[in-house]
Amino acid sequence: MNPHDSVTAALAFLAIGLGWLVLRLRREKKEFESEIRAWKLRLEIDFQQARQERDRLLDALNDAFLLVDARSIIRFANRAAYDLFDGRELVGREVREVFLDPRMSEALLHCIDTGEALQSRVVLPQQTSPRGDAENRGTNAWIVNAAPLSDTPDGDPTVRVIIRDVTSEHHTEQIRKDFVANASHELRTPLAIIQGYLENLLDGDLIEDHEVSRRFLTIMGKHTERITRIVEDMLVISRLESGEAAALKTEPFRIRSCINDVLERLESVIHARHAEVVIASNTPDLRLHGDRFYWTQVLFNLIENALKQNPHRGLRIEVGYEREDNDGARLWIADNGVGIPSADLPHIFRRFYRVEKHHSQQEIKGTGLGLSIVKRAIEAHGGRIGVTSVPGQETRFTIELPASSVVVN
Ligand code: ADP
């Protein structure tokens, strides 16, 4: 082989080698590219899954959750947030546009400005609730908790906001405060009277005068009795409200025998008022499943109210009970006395509420707690109570009980 041929062969060999190399590199590049595409796809799927998982978890929260960027634009909102804002558009909107009351966005804007976490408690009237027209609970209360997020993927400052509805806790707290305020007021009056008589007795040497001191002591005794009754009523209410209702001592008993017990206890008052009490029933042997102690309280308070609010002659009280078609029961206590003005009707089951316009409450004993005990005791038995009144004609309290409170014969 001459040298020229061997150069040609070497070049051909080199060309083949290079061609093979190019082909191989091309193939590897393709494989590499398709691998990258597969990775990208996998990453994309993982990212989507992670996002879906995040949304699923955040949607499972009862509290509204928002992510807000440094320009106060909402970037994310969970389902509870959409519910809270009554389905309005949230993502992409400025927080000041979204919150109806500026107090709701205060903590959040402070956090965006300063980077400090902040929590605020906001109590709003119905009109400015974030729930807008959907709000119907009157005053509503919220806890807004805003904190900066540290490691966001794009490095932009982001604030996370949690909004918790604490309206029911707020109402319970309000009721508790009112209860304490009312109870102290109700106790202070008889205590002040007792103290006044005591000071008079001791300071003015009236204690030597037996007749005067007896009179004073009798008055003091009456007011002490009132304090005792208020305290006892408050204890019954707090027992019923503390969830002890779940531990009612339930037993079957004849409603008729419970009514008889109550009428026996009130016999002297019935006699003194010349009142006529009739018992009406188409199922005289009806038996209830319930706590007899509370049922006695219920019937006692309702019948005693009818008696004590109506000191005039001609009072007729009907105590009735019957089985209903749905296997529940209905009880009623009706009287033909002075009645309850319609403006007072919605309030009479409230604690310490007393109708003052048409009768002199100074003369009629009562704590204003009787009907709230009645209502709570009936509700603890799964029932409901309602009242209608046409003053001077008929005042009727009606109790509806579910089948579970009635013993099947
Ligand atoms: P009280 O201890 O004052 O009786 P209640 O809660 O039992 O308190 O009753 C609240 C108010 O409802 C009473 O002060 C009374 O004015 C009114 N009321 C209740 N029952 C009757 C009735 N049968 N007739 C007229 N007024 C009634």
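Here, every reference points to the structure presented above.
Residues numbered from 1 in each chain as written. Predicted model: local features only at pLDDT ≥ 70, side-chain atom pairs only at ≥ 80, totals over all residues. Heavy atoms only, no water.

Turning our eyes to something else, we now look at the sheet that holds strand β4 (residues 140-149). With antiparallel pairing, five strands are arranged side by side in an open sheet as β2-β1-β5-β4-β3. Strands with a single pairing partner mark the edges of an open sheet, and in this sheet they are β2 (74-77) and β3 (118-124). Adjacent strand axes in the sheet meet at a mean angle of 20 degrees, parallel and antiparallel pairs treated alike. Along the sheet, helix α5 (residues 167-203) contacts β3, β4 and β5 (158-165); its crossing angle with β4, the most-contacted strand, is approximately 130 degrees. (Pairing = 2+ DSSP bridges. Helix = DSSP H or I, 4+ residues; strand = E, 2+ residues; numbered from the N terminus. Axes fitted to C-alpha atoms, helices over the stretch in contact; angles between N-to-C directions. Contact = heavy atoms within 4.5 Å.)

Together, Val7, Leu11, Leu14, Leu18, Trp20, Leu21 and Leu25 make up a nonpolar patch on the protein surface, roughly 720 Å² of accessible area in all. Considering the arrangement of structural elements, one finds Leu21 in helix α1 (residues 3-59). Given a relative accessible area of 40%, Leu21 falls into the partly exposed group. (Patch = residues over 30% accessible without salt bridge, like charges linked within 9 Å, V, L, I, M, F, W, Y side chains within 5 Å. Areas by Shrake-Rupley, 256 points an atom, 1.4 Å probe, with all protein chains shown as cover. Salt bridge = Lys/Arg side-chain N within 4 Å of Asp/Glu carboxyl O. Buried < 20%, exposed > 50% of the residue type's maximum accessible area, 1.4 Å probe, protein only.)

Remark: the centre distance and the inter-plane angle together describe each pair of aromatic rings, the angle taken between the planes. As enumerated under the stated definition, the model contains six aromatic pairs in all. Look at Tyr197 and Phe216: their rings are 4.8 Å apart centre to centre, the planes differ by 75 degrees, and that puts the pair in the edge-to-face class. Within this pair, whereas Tyr197 is found in helix α5, its partner Phe216 is found in helix α6 (residues 210-241), the two being separated by 19 residues in sequence. By relative accessible area, Tyr197 is classed as partly exposed at 23%. Classification of Phe216 as buried rests on a relative accessible area of 9%. Over the ring of Phe76 we find Arg54; its NZ or CZ atom is 4.4 Å from the centre of that ring. Between Arg265 and the ring centre of Phe300, over which it is positioned, the NZ or CZ distance is 4.4 Å. (Phe/Tyr/Trp six-rings, centres within 6.5 Å; stacked < 30°, edge-to-face > 60°. Lys NZ or Arg CZ within 6 Å of the ring centre and 35° of its normal.)

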